[in-house]
Structures are given as structure tokens and as C-alpha cells.
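Listed here are the chains, written in short residue letters.
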Number of protein chains: 2
Amino acid sequence: MRSTARDVAKMAGVSISTVSRALSAPQKVATGTRQKVEQAARTLGYDPNLAARELATGRTGNLGLVIPDLENPFFASVTKAVQARARAAGHAVFVADTDEDTHQEPRLVRSLARQVDGVILCAPRVTDAELAALEAAAHTRMILINRTCGDMPSVTADHVDGVRQALRHLRALGHRHIAYAGGPSRSWADQQRRAGLTTAAEELGDVTVDDLGAFAPVFSGGMAAADLVLASGATAVLAYNDLMAIGLLARARERGVEVPGELSVVSFDDIPLAVAVSPALTTVAVPVGMLARTAVDLLTEMIDEERTGAVGPPARRSRLDLPVELKVRGTTGPRR
Amino acid sequence: MRSTARDVAKMAGVSISTVSRALSAPQKVATGTRQKVEQAARTLGYDPNLAARELATGRTGNLGLVIPDLENPFFASVTKAVQARARAAGHAVFVADTDEDTHQEPRLVRSLARQVDGVILCAPRVTDAELAALEAAAHTRMILINRTCGDMPSVTADHVDGVRQALRHLRALGHRHIAYAGGPSRSWADQQRRAGLTTAAEELGDVTVDDLGAFAPVFSGGMAAADLVLASGATAVLAYNDLMAIGLLARARERGVEVPGELSVVSFDDIPLAVAVSPALTTVAVPVGMLARTAVDLLTEMIDEERTGAVGPPARRSRLDLPVELKVRGTTGPRR
DNA sequence: TTGTAAGCGTTATCAA
DNA sequence: TTGATAACGCTTACAA
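Worth saying up front: this structure is predicted, and the values here are computed from it rather than measured. (Residues numbered from 1 in each chain as written. Chains lettered and ligands numbered in written order. Predicted model: local features only at pLDDT ≥ 70, side-chain atom pairs only at ≥ 80, totals over all residues. Heavy atoms only, no water.)

### Overview of the interface of chain A and chain B
Moving on, step 1. Contacts between chain A and chain B engage 38 residues on the former and 38 residues on the latter.
Moving on, step 2. Of all residues in chain A, E71, K80 and R114 of chain A bury the most surface against chain B, accounting for 17% of the area lost on that side.
Moving on, step 3. Along the contact surface separating chain A from chain B lie eight salt bridges.
Moving on, step 4. With its nearest N and O atoms 2.8 Å apart, the salt bridge here joins K80 of chain A to D99 of chain B.
Moving on, step 5. Viewed at the interface, chain B and chain A are joined by 19 residue pairs in polar contact (both at pLDDT 80 or more).
Moving on, step 6. Going through the elements one at a time, α4 (50-57), α5 (73-88), β2 (92-97) and α11 (242-254) of chain A are the ones with two or more residues in the side of chain A that touches chain B.
Moving on, step 7. By residue class, the composition of the side of chain A that touches chain B is 19 nonpolar, eight polar and 11 charged. (Contact = heavy atoms within 4.5 Å. Buried area = accessible area lost by both parts, 1.4 Å probe. Salt bridge = Lys/Arg side-chain N within 4 Å of Asp/Glu carboxyl O. Polar contact = N/O pair within 3.5 Å; in protein donor to acceptor, adjacent residues only side chain to side chain. Helix = DSSP H or I, 4+ residues; strand = E, 2+ residues; numbered from the N terminus. Nonpolar A, V, L, I, M, F, W, Y, C, P; charged D, E, K, R; others polar.)

So, in C-alpha cells, the structure goes:
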């Protein structure tokens, strides 16, 4: 049987409330008694019951993470980083995968809300209106990764600048006709990149961008995009993510098109696999670990702040446009 | 403010215990009152406080999952399947990544044990002794995936048969000298495959197996293995997992060695990426979704059984040696 | 069939 | 600095 604070109190010869204090607010207890309590707790292997604590304090100590697809390496990395950072801060994390089903997002958030202090929504696909409604109704703190929505707290990367870097790079290599193989139309990142495409093309002046439409953000989506790219006459293509780029590469090879000889390819994310394929992907690296850690930090700050009663200046709730970096590798080369 | 069972009771004009019954044991309540309660609960948006329920019942409704590395696609798939199945059964799941650090395993299990009804340990690297000690001390139910330990509940795939299938396939193609690029020595799957190698080689009689040692179960490990393979004179290689095989392929290409022309490669897992690389991987498919779902089902059975007081015959606690299937694709061909 | 009341194990308030 | 004691919100005998 697990021992409780009662047992510790009995063994240490103090009251149960002293046990509670000695363990969670050591400075409010005499050194001697604290040591007695600690000793007793240790020998009994005492471990506070978290449900009881939650019931008394109203705080769970847990976080929730909702993501579109764990089998997408980008989201796997987000998840890995989130749970690592959360644990370092003393929080456990519930993970819920929507399987790219928009309708699951509100459902999962509501479900998690019952047992967490806050939830991180990674790249949610729901509309702004639904998201706002969710925030109002879910009874929990929320923070977004790779998505913005009104003044909701969020952490994002600078996709617009990423597109600019990619386009400049391609232009410098001589490319003037560039295709874009987009991702899910509900994806905020995709919308950002499309916007970036427009402004960057204007800045550059002499490049034309060919929007090929939306594809599944996975290998097969890239395969599908490849044929459209080749038919478009573009000499370079920007792919929504690395997975698609890999599919694109595979299909190009099947069709006997050399990369980067006849076609240059740039993508987004820089997943671990990006350097593993051959040729290695030229890609705009999104700082996934930083996004995840920042989101956890911001969320825990929100939680602590509310707990301690919000003194001091109102904290900044978002970190927007974290810098991205173009990694030039093997899939881009001079136009010929 | 969230409403409680008190509020519902008041509105429905019944006692608080009737509310509890009406909602969790509807058959123990008159139809009329049940409807009143349900109605009140609905209009108030009542949602039972889980911490209070846990405190009263001793059950959390949560599961824990401990895995070596979320960025390994195999484990990402396990995680995805586990959380999907668990949610379908009404459980939320905590995910904890050890980052391939053996010492984190007991730590994380103990930590999770406080807030779950059971934990799934996926491919743990700790020794049998440590695992047994952990089970004894952790105060929670545990089930293993891809690992056995005494009579602990576990779910495994038939790696030995997988090796046999792979070796027969290679032998049929004319290969007689086959290298093995192993994974982490603490990996049970690796040990199984080594054992399978010995027995299969004996069965076949005329093939020699060259054990190249242990490599990191990732892309770079495969790169490292590649040079040893080429130096060994083997005409085919068995790689611990698909990730390594992909690394191996990349390095072979760098060195101008054609696959499958000059070297055949077989690996394990059949991660989504296996069909995405080129040539597509010939690999022994491990039924990852089935492993995960079976583990969840078995674990929830254990939980329910204990709750209801274990009537009926003792249930089987393990599902061992789930069938694996060799997928012949592009990385294997006749010896020449 | 329903209500009363006793826990479950903490934290937190208020006296002492 | 410490100790009673009242929450926290639910489930579950036991009585009615």
C-alpha cells in the first residue's frame, strides 16, 4: 500500500499540515522539523497523491499537445521537443493526434482540457472562428505553434522570409520560372508561404511563380506534384515540405529527370531525413525545437502567472516569426 | 465557473448521489429521474471533475507510453497507434521519450506511474533484472512491446522468423555470404535477430553470416555500416532497421556501388518511408499498428479485470511472435 | 429507487 | 512555527 501524508506525519510526530508545508514550502517550517519530515518521507517512500493535490489546488501539472500527424517527421520532432521541455519543467504531457482530421481538433482540445493546465495546438487546421470559439469554450489556456489567430498566444516561424531566401537563391542560380507545390489549403504555413511568394516575386521583379495547387503533405503528394512540375516548364520548384520534396525527387528520377541538373528543388522544414536522401535536400530549416520549447515556456509562464496572481507588466504572449535558415545542399544548382 | 454535480442535483431536484448514479450507472436509476438529471447536466454543460473521480475511485483513466525515440519513424508509428487505440477506449495517454537513454526508463516509468492506470514500455533497453525490479516497485501495471522479460505481459513480433524469411530470400537469389549490420546491443529485437541468424544459417547450411557489430539505429549508423559491408566481401546485407538501410544505400551510392546490382539490402520494420526511397526497400514488415493496439487492449483488459475483481479463467497476458512479412521490393536482386 | 454520509489525500485558512 | 479543520468534487456503502 502506498503511504500518505498521514503516515509521514505519524512517523515524524508532527501534524499532517506540517508535512504538506515541509515538502512544498520548506522555508515556512523550522529546519529541525523539516528534516524529521523529510527523513520520514524518505523511509516511507512517500509520494504525494497527484489527484488529491489537483483537487485541492485546481492545478494538474499536465500539458496537452494536439498535432495533425505523428508520422510526419516534423510533428514527431515537435512532440519530442515539447515533452522533453515540459518534463524538465515538471509537467507531463498528453499527446493527441488528429490524423489530419480537422473535426478532431476541437474534440481533442475539449477532452484534454479537463485534465491539463494548458494545451499546445500545433498547426491546427480549423478556421479562425472555430479556434476563437474553442478558446472561449474550452476552459483552458491555449497556445499555438505555426499558426496565428487574432491575439491568441502563438509561436511561429518566419515563413515569408523563408520563401524570400529560397527564391533569391534560385534566382541567383539563374532560375526565372519557378513552380510551387503547395500543402494543405487549411495550413496556415501554406498560406504564409503563398503570401511570401507573391511579395518575393514582386521584389525580384523578373521571376514568375507557377502555383500548382494543393497536395497531401507527404511523399505521395510530392510524387503527384512532380508530373505537374515537369509539365509546367518550370526549371525549379518549391515544395511545401521535405516529405513532398522527397516524393518529387523519386518521381523525377523515375521519369529520367536529373536533379539538380535539369530541375532544382527547394523545400521546407529540414527534417532529419533531409540530409539522408541523395542528393541531400536544399531546404528552408524551420527551428522546430525552438518553436516547441518556446511554446512550452510561454504556456508554463501563463500558468504560473495566473497562479501567483499576475503582478508586474503584462507578459508578451507570443513569439512571432522566429528566424528560418536556407540550407543549401544537393538539390539546387545552376539553370541550364 | 465550471458546474459540479451539486449544481446538477439542485437543478434536477435530486440528491448528488443520484446524479452520480444517473450518469455512470444509468440502470440503477428510474427512467424519469435519469432523464431529469441528463437534461440538467446538458443545460449546465456539466463535466465530471476527473481528479475528484480519481480520488474517489483510485483510477485515473490514463495510460503512459515510454519509448526510446520519437524521431525514429517506427516509434512514431507505435505512438500514433497507441494513442488512437487508447482514446477509442476512453483513455488519454502520456508520452515520454527516453532519447535512447537507458537510465531514463525507470525514472520515467516511476514518474508516470503516479498518474496512470498502466504503462506501455516500448522496446525498453534496461536489463531483465532492472525491469523486474521496476515492475515490483513502480506500483502500476506494465506491458512490454518488442521485448520480453520473465512472465511480464508483452507483445512481440516474430523476429526470428523474419530473419529466416530474409535469409531464404537472399539465398534463393544466389547469395551465400551475408553481412549483418546490427542495432543497439541492448535491443531485444537485435538479440532476437542475432539468434535467428544463427538458426537460419544452420537450417540453410551453405550460407555464412558476417556479424559486423552494433550501429546506431539511424541513418548515420547505416552510413557507417556500409563501408564495413563493402570491405567484408558480402554480396548482401541485413540491416537492423529501415533507417540504417537508407543510410547504407546512400553510402553505397557515394562509393559507386550499385544496389541491387552489386549489393542486395534487406532491412526490418517497413516504415512509411521504405517505399518512398529509391530503390524501394526490401524489408521485413513488423506489424507495428497491431503490436500497439494489442498492447493497449491487453493493458486495458488487465485494468478492467482488476477493477471488477477477476472472475473467470486467468486471461492470457501476452501475445508473442506476431507474424512478420517480407516485402520484396527494389533493394534485392540476383547475385552476380 | 433515492438520500445521507463517510471517505479519497491534499492544500490552505485561521488560531494558537 | 505549528495544528485543527474546512474545503476540493466525486463515488459508494448503508439506510430509508
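Picking up after the structure, the text goes on.
### Re the packing of α4 of chain A against helix α4 (residues 50-57) of chain B
Moving on, step 1. It is the contact of α4 of chain A with α4 of chain B, at a shortest axis distance of 8 Å, that shows an interaxial angle of 140°. By the angle class used here, α4 of chain A and α4 of chain B are oblique. The two elements α4 of chain A and α4 of chain B meet at a crossing, and its hand is left-handed. In this structure, α4 of chain A uses A51, A52, E54 and L55 of chain A to contact α4 of chain B, whose residues at the interface are A51, A52, E54 and L55 of chain B.
Moving on, step 2. Classifying every residue of the contact of α4 of chain A with α4 of chain B by side-chain character gives six nonpolar, no polar and two charged. (Axes fitted to C-alpha atoms, helices over the stretch in contact; angles between N-to-C directions. Parallel < 35°, antiparallel > 145°, perpendicular 65-115°, else oblique. Left-handed = near helix turned anticlockwise from the far one by under 90°.)

### Re the packing of helix α8 (residues 159-172) of chain A against helix α9 (residues 188-204) of chain A
Residues and elements named next belong to chain A.
Moving on, step 1. Their axes nearest at 8 Å, the elements α8 and α9 cross at an angle of 45°. With respect to α9, the axis of α8 lies oblique. The element α8 and its partner α9 pack so that their crossing is right-handed. Touching H159, V160, V163, R164, L167, R168 and R171 of α8 are W188, A189, Q192, R193, G196, L197, T199, A200, A201, E203 and L204, all from α9.
Moving on, step 2. Here the contact of α8 with α9 is composed, by residue class, of nine nonpolar, four polar and five charged.

### Side note on helix α6 (residues 104-113) of chain A
Moving on, step 1. Of the positions making up α6 of chain A, those classed as buried are E105, L108, V109, L112 and A113 of chain A. In an axial view of α6 of chain A, the angular spread of the buried residues amounts to 135°, which keeps them on one side of the axis. (Buried < 20%, exposed > 50% of the residue type's maximum accessible area, 1.4 Å probe, protein only. Arc of directions from axis to C-beta.)

### Digging into the sheet that holds strand β8 (residues 236-239) of chain A
All names here are of chain A.
Moving on, step 1. Pairing is mixed across the open sheet formed by six strands, whose spatial order is β7-β6-β8-β9-β10-β12. Strands with a single pairing partner mark the edges of an open sheet, and in this sheet they are β7 (208-214) and β12 (325-327). Each strand axis lies, on average, 20° off the axis of its neighbour in the sheet, ignoring direction.
Moving on, step 2. Bridge count between strand β6 (residues 177-182) and β8: four bridges; the pairing is parallel. Residue pairing for β8: Y180 is matched across the bridge by L238.
Moving on, step 3. The strands touched by helix α10 (residues 219-232) are β6, β7 and β8; relative to β7, the strand with the most contacts, the crossing angle is about 150°. (Pairing = 2+ DSSP bridges.)

### Thoughts on the protein's contact with DNA strand C
Moving on, step 1. Near DNA strand C lie 25 residues; those nearest to it are A5 and S20 of chain A together with T18, R21 and T33 of chain B.
Moving on, step 2. Here, DNA strand C places atoms within 4 Å of the protein, and 63% of those atoms are sugar or phosphate.
Moving on, step 3. In the environment of DNA strand C, a phosphate oxygen lies 2.7 Å from a nitrogen or oxygen atom belonging to the backbone of A5 of chain A.
Moving on, step 4. Within the residue set of the surface near DNA strand C, elements represented by two or more residues are α2 (16-24) and α4 of chain A together with α2 (16-24) and α4 of chain B.
Moving on, step 5. Each residue belonging to the surface near DNA strand C can be placed in one class, and the counts come to 11 nonpolar, nine polar and five charged. (Near = heavy atom within 4 Å.)

### Some thoughts on the relation of the copies chain A and chain B
Moving on, step 1. Least-squares fitting of chain A to chain B yields an RMSD of 0.1 Å, with the transformation described by 0.0 Å of translation along the axis and a rotation of 180°. Taken together, the rotation and translation describe the operation of a two-fold axis.
Moving on, step 2. Looking at the interface residues of chain A, 100% of them are also at the interface in chain B, so both copies use one shared face. (Least-squares fit on C-alpha atoms with pLDDT ≥ 70 in both.)

### Quick word on the side chain of Q83 of chain B
Moving on, step 1. Here Q83 of chain B is to be found in helix α5 (residues 73-88).
Moving on, step 2. Contact partners of Q83 of chain B, with chain neighbours within four places excluded, come to V95, A96 and D97 of chain A together with V93 of chain B.

### Concerning the UniProt feature "domain: HTH lacI-type" (unreviewed entry) in chain A
Moving on, step 1. Per the UniProt record, "domain: HTH lacI-type" (unreviewed entry) is annotated on residues 3-57 of chain A.
Moving on, step 2. The straight-line gap between the two end C-alpha atoms of residues 3-57 of chain A is 21 Å; of that span, 71% is helix and 0% is strand. (UniProt positions renumbered as here; feature names shortened; annotations may be inferred.)

### Let's talk about the domain arrangement of chain A
Moving on, step 1. When cut into domains, chain A gives domain 1 (5-57), domain 2 (62-157 + 288-322) and domain 3 (159-286).
Moving on, step 2. On a C-alpha basis, the centres of domain 1 of chain A and domain 3 of chain A stand 59 Å from each other. (Domains from an automatic or database assignment.)

### Observations concerning unusual backbone geometry
Moving on, step 1. For the peptide bond that leads from V259 of chain B to P260 of chain B, omega is 5°, which places it in the cis range.
Moving on, step 2. Looking at the element boundaries, P260 of chain B is found in the loop between α11 (242-254) and β9 (264-269).
Moving on, step 3. The backbone phi angle of E100 of chain A is positive, close to 60°, even though this residue is not glycine.
Moving on, step 4. Topologically, E100 of chain A is positioned in the loop between β2 and α6.
Moving on, step 5. Even without being a glycine, N146 of chain B presents a positive backbone phi close to 55°.
Moving on, step 6. Among the structural elements, N146 of chain B can be located in the loop between β4 (141-145) and β5 (154-157).
Moving on, step 7. Looking at N146 of chain B, the relative accessible area reads 6%, which means it is buried.

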